Amino acid sequence: MKDILMGNDAIALALIHANVDMISGYPGTPSSEIIGNFQKFKNKFKVEAYSEWATNEKVGFEVAYAGAIAGRTTCATMKQVGLNVASDALMSASYIGLKGAMLMIAADDPGFHSSQTEQDSRSFAKFAKIPVLDPATPQEAYDMVKLGLEISHKFETVTMLRPVMRVCHAREICEVDDKLEFNPAKGEFQREISRWAAVPPAGRFRQGLEQFERLEAIKEYNWTELIAPRVKTLKGAKTLCLTSGTGDGYVKEALEEMKLEADVLKFDMPYPLPKEKIEALFENYEKVIVFEEPYPCIEEQLSSPKLHGKLTNDVHKIDEFTKDKVLMAFSNAGLIEKNEFYKSEKYADELPVRPPNLCPGCPHRDVYYAIMKVFKKKKSIYPSDIGCYTLALNQGAIDTVLCMGASVSMASGFSVADPSKTVVASIGDSTFMHSGVSPLLNAVYQNHKFILVILDNSTTAMTGRQKTPERENPNKIDIKKVVEGCGAECYEYDYTPNVDKTIEFMKEIKAKYAEATGPVVAIVREFCVLDKERAPEKLPHVFAEVDQDKCVACDICTTQYKCPPMSYNEDHKIEIDPFLCIGCAACLDDVCPTDAFVEVKK
Amino acid sequence: MKYQVVIAGIGGQGAVFLVKVLSIAAGLKDQKCLGTENHGMSQRGGSVSCYVKVGDFHSPAIDQGQADLLIALEGNEGLRNIQYLKKGEGTIIVNADSKFPDIEYETIKIDAFAKARKKEFPIQALNVYMLGITLARDPHFPFSVNEIEEAITQMNAKMAPKNIEVLHQAIEDARDI
């Protein structure tokens, strides 16, 4: 039957249709909706399946992997940088293999839409020596979930599905199974110590040899099942385009629209490739161009003087694909003249930039504003972390962003490297649980003196408000106890939308820091304004407007506080956009030096 | 049939809702449809641009100079995406006031913010309002009022009566543009 599905809906539905009954992962754009949708479909179809948000990607991977060792059909989801966290487990799992089946979904983000790197998980699969499938559309993602689990079971290996953002968040009318027959495999761990606990060097040496044999078998499968049927459809043009994933769609559309002659051979499984068999095809072509994103994963597996791609500087090396880039590659390879069909002039005048910003009424804004007021910029270093609060960059309240949990360890490093400054680090509650605990333990262990502000809104807000450990299990998990368990001093503040009070709290923290010998931790109990359960009762619904006579256009609100409804009007006075103001009333307190923000009289 | 739409706006204005409605409408006509949405970082009040491609396409993204229609939920976001419109053929349906500049594309302009401020329709329905203007004023728009009504109903039956009311109000208002 036909169904209109976003890529991540299609993936979740296919997981249920493929009998996956154990799934774990950590949210990260563009992968986040997979587990949420799995839960939705699970409830809709009333099937028994285990699904969880893990504390981080490594934990999620290991939970799902153990399930597959015990014979179940499982899945772990993450974004591409989450794979870095899970990679320790993956590298060993690739040697050991499994009994049931496991699909590892790593969603990539060519073009850096919501990520700090553009790394290619297909290249990671190559490094880990596991097969990877690369869908081009939601329909293919649906089909490849099933294929990936088949391959995983057949070859007893973790298999990767690598959808990019333009698949995860694409929407397509898909053909999906009419009927659901949910028959999950039974979980039954069978002791096999020489396999599940292979000891180096002999045990792992043997598994390393098996890994090579397995790869050869998968290459053969890739050829006979996936590549050879497509080779038959090649028409004998002079140019061959090798494609993978979304690259395929851009190439096909560009060829059709520009009426260019070329054969297209798409690889559903870009690793492992049967190199010799593919290279033998090149004999019939004058030129071969590889279209893939973002890294040259296919290109690095092949060699031929006829080959054009990223390594020969003919195809773009960074950013998302466009059809214009396909034409550019054709032109660079000497096949066509320079062609600007897919180019058009941008609007010539300068347009006001609209970077993403913290939501109106977001408590993070007040906390950063208070940090900046109390810990002056010249005398402080502000390491921060990955989450909505990274947007406090707009307030000038963040100096470094590296990766999940790095705020804490970098605070340690800065406190050693530049002891003349006060290091004020910030991290969200979900990120702290993900990878902030172990660096905090290290800081106590080494007596590193800094301030860590944990912004606890009890949700993973940026990725769609998934539940955090404390939220899910409030009577058992308490961040304060975790911090105290690490041996750090901990102070708690129950946030209210009153800037004066938040500044007062930061002043107290400053006083505690003056006397401290190790890390001082402040937990600010916040809420997310998009949190339908908590925000309505936390927000006072008192709206602000500007007393135009009092506004002196000093820029403080637009540069240091940065609430989206505030902007200059034609008279160069600040105005509050009533469509955007959420009624938090925080700006009525300390933000304006001339008290121009006043309550809207009903 | 091939018809490509860019929807531009600000995170929170409901551009994704329009992608869903147009995909459902395409399904009702038994047309293929590929679209793409913004989630995550780009949702936080930043610039948002979504694509819908109705007909036989392979890739969800739209290149410069290719879109038949640009629905701009805000004026500057419309201008920021103007290069996606087809030269000489593309239409922009834009929520903007009289200060919106003259551009070399067919422009249908309405100050929807002013109407919302006057409480003529709720600002949360801005997306549906602009879709109504599109239905009334883009002669090449591939969907009928009935198909869009049906798509809105399939999308969210509970909210549909209110949304359809706004849709029709926009169609009425479009007469005065």
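Residues numbered from 1 in each chain as written. Chains lettered and ligands numbered in written order. Predicted model: local features only at pLDDT ≥ 70, side-chain atom pairs only at ≥ 80, totals over all residues.

**Some words on the overall build of chain A**
Counting its secondary structure elements, chain A contains 21 helices and 21 strands. Relative to a compact globule of 602 residues, whose C-alpha radius of gyration would be 25 Å, chain A shows 27 Å and is just as compact. In chain A, which comprises 602 residues, the proportion classed as buried is 53%. Within chain A, counting contacts between residues at least 6 apart in sequence, those at least 24 apart form 77% of the total. (Helix = DSSP H or I, 4+ residues; strand = E, 2+ residues; numbered from the N terminus. Rg over C-alpha atoms; globule rule 2.2 N^0.38 Å. Buried ≥ 20, exposed ≤ 12 C-beta atoms within 10 Å, placed from the backbone. Contact = placed C-beta atoms within 7 Å.)

**Regarding the domain arrangement of chain A**
Residue and element names in this part refer to chain A. When cut into domains, chain A gives domain 1 (2-197), domain 2 (232-332), domain 3 (363-534) and domain 4 (544-599). Relative placement of domain 1 and domain 2: their C-alpha centres are 27 Å apart. The partner domain 2 presents 17 residues to the 19 residues of domain 1 that form the contact. Ranked by residue count, the leading element in the side of domain 1 that touches domain 2 is helix α5 (residues 121-128), at four residues. Considering only residue class, the side of domain 1 that touches domain 2 consists of 10 nonpolar, three polar and six charged. (Domains from an automatic or database assignment. Nonpolar A, V, L, I, M, F, W, Y, C, P; charged D, E, K, R; others polar.)

**Considerations on the interface of chain A and chain B**
Each partner contributes to the interface: chain A provides 41 residues, whereas chain B provides 36 residues. Secondary structure elements with two or more residues in the side of chain A that touches chain B: β1 (2-6), β8 (170-175), α10 (246-258) and α12 (323-332) of chain A. Per-element tally for the side of chain A that touches chain B: the top contributor is α10(A), with six residues. Per-class residue counts for the side of chain A that touches chain B are 17 nonpolar, 11 polar and 13 charged. The pairing of β8(A) with strand β2 (residues 33-36) of chain B spans three bridges and is classified as antiparallel. By the bridge assignment for β2(B), Arg171(A) is matched with Gly35(B). (Pairing = 2+ DSSP bridges.)

**Regarding unusual backbone geometry**
Residues and elements named next belong to chain A. Going from threonine 29 to proline 30, the amide bond is cis rather than trans, its omega being 10°. Of note, proline 30 is situated in the loop between β2 (22-25) and α2 (33-45). For the bond from tyrosine 271 to proline 272, the omega torsion is -5°, close enough to zero to count as cis. Secondary-structure assignment places proline 272 in the loop between β10 (263-266) and α11 (275-281). A positive phi angle, near 85°, is found at aspartate 319, a position not held by glycine. One can find aspartate 319 in the loop between β12 (307-308) and α12.

**Topic: the nonpolar core**
Membership of the largest hydrophobic core comes to 161 residues, with the highest contact counts inside it found for Leu15(A) and Val145(A). When residues in this core are grouped by element, the largest group, 10 residues, is from helix α1 (residues 15-28) of chain B. Each of domain 1 (2-197) and domain 2 (232-332) of chain A contributes no fewer than three residues to this core. Beyond its immediate chain neighbours, meaning those up to four positions away, Leu15(A) contacts Val20(A), Ile23(A), Phe38(A), Cys75(A) and Val145(A). Within the second largest apolar cluster, 74 residues are counted, among which are Cys359(A), Cys362(A), Tyr382(A) and Cys581(A). (Core = buried A, V, L, I, M, F, W, Y, C linked by C-beta atoms within 7 Å.)

**Focus on the sheet that holds strand β5 (residues 101-107) of chain A**
Residues and elements named next belong to chain A. Ordered by their spatial adjacency, six strands build an open sheet running β3-β2-β4-β5-β7-β6, and the pairing between neighbours is parallel. Each having just a single partner strand, β3 (50-53) and β6 (132-133) make up the two edges of the open sheet. As paired strands, strand β4 (residues 73-79) and β5 are joined by seven bridges and run parallel to one another. Within the sheet, the bridge partner assigned to cysteine 75 lies in β5 and is leucine 103. Lying over the sheet, helix α6 (residues 138-155) contacts β4, β5, β6 and β7 (159-161), oriented at roughly 135° with respect to β5. (Axes fitted to C-alpha atoms, helices over the stretch in contact; angles between N-to-C directions.)

**As for the confidence of the model for chain B**
Averaged over all residues, the pLDDT of chain B equals 94, while 97% of them reach at least 70. Interface scoring of the predicted complex returns ipTM 0.94; its pTM is 0.96. (pLDDT = per-residue confidence, 0-100.)

**Regarding the sheet that holds strand β9 (residues 239-243) of chain A**
Residues and elements named next belong to chain A. The four strands lie next to each other as β10-β9-β11-β12, forming an open sheet whose pairing is parallel. In the strand order of this sheet, the two ends are held by β10 and β12, each with one partner. In the sheet, β9 pairs with β10 via four bridges, with the strands oriented parallel. What sits directly across from leucine 240, in β10, is aspartate 263.

**Observations regarding the pairing of strand β5 (residues 91-95) of chain B**
All names here are of chain B. Most of β5 is tucked away: five of the five residues are buried. The alternating pattern of β5 places Thr91, Ile93 and Asn95 on one face and Ile92 and Val94 on the opposite face, and all of these are buried. With four bridges joining them, strand β4 (residues 69-72) and β5 adopt parallel strand pairing. Its bridge partner being in β5, alanine 72 is matched across the sheet by valine 94. In this fold, the crossover linking β4 to β5 by way of helix α2 (residues 75-80) has right-handed handedness. Here β5 pairs with strand β6 (residues 106-110) via five bridges, running parallel. Following the sheet pairing, threonine 91 is matched in β6 by glutamate 106. (Right-handed = clockwise from strand over helix to strand, strands pointing away.)

**Some points on the packing of helix α4 (residues 80-96) of chain A against helix α9 (residues 202-231) of chain A**
All names here are of chain A. Interhelical geometry of α4 versus α9 gives an angle of 80° and a closest axis separation of 8 Å. By the angle between their axes, α4 is roughly perpendicular relative to α9. Packed against α4, whose contacting residues are Ser94, Tyr95 and Ile96, the element α9 presents Arg204, Gln207, Gly208 and Gln211 at the interface. The residue makeup of the contact of α4 with α9, split by class, is two nonpolar, four polar and one charged. (Parallel < 35°, antiparallel > 145°, perpendicular 65-115°, else oblique.)

**Focus: the pairing of strand β3 (residues 47-55) of chain B**
All names here are of chain B. Among the nine residues of β3, eight are classified as buried, and the element is accordingly described as predominantly covered. As defined by bridge partners, strand β1 (residues 2-10) adjoins β3 across nine bridges and the pair is classed as antiparallel. Counterpart to glutamine 4 in the pairing with β3 is lysine 53. Sheet topology note: the β2/β3 ladder contains four bridges and is antiparallel. Opposite threonine 36, over in β3, you have tyrosine 51 as the bridge partner.

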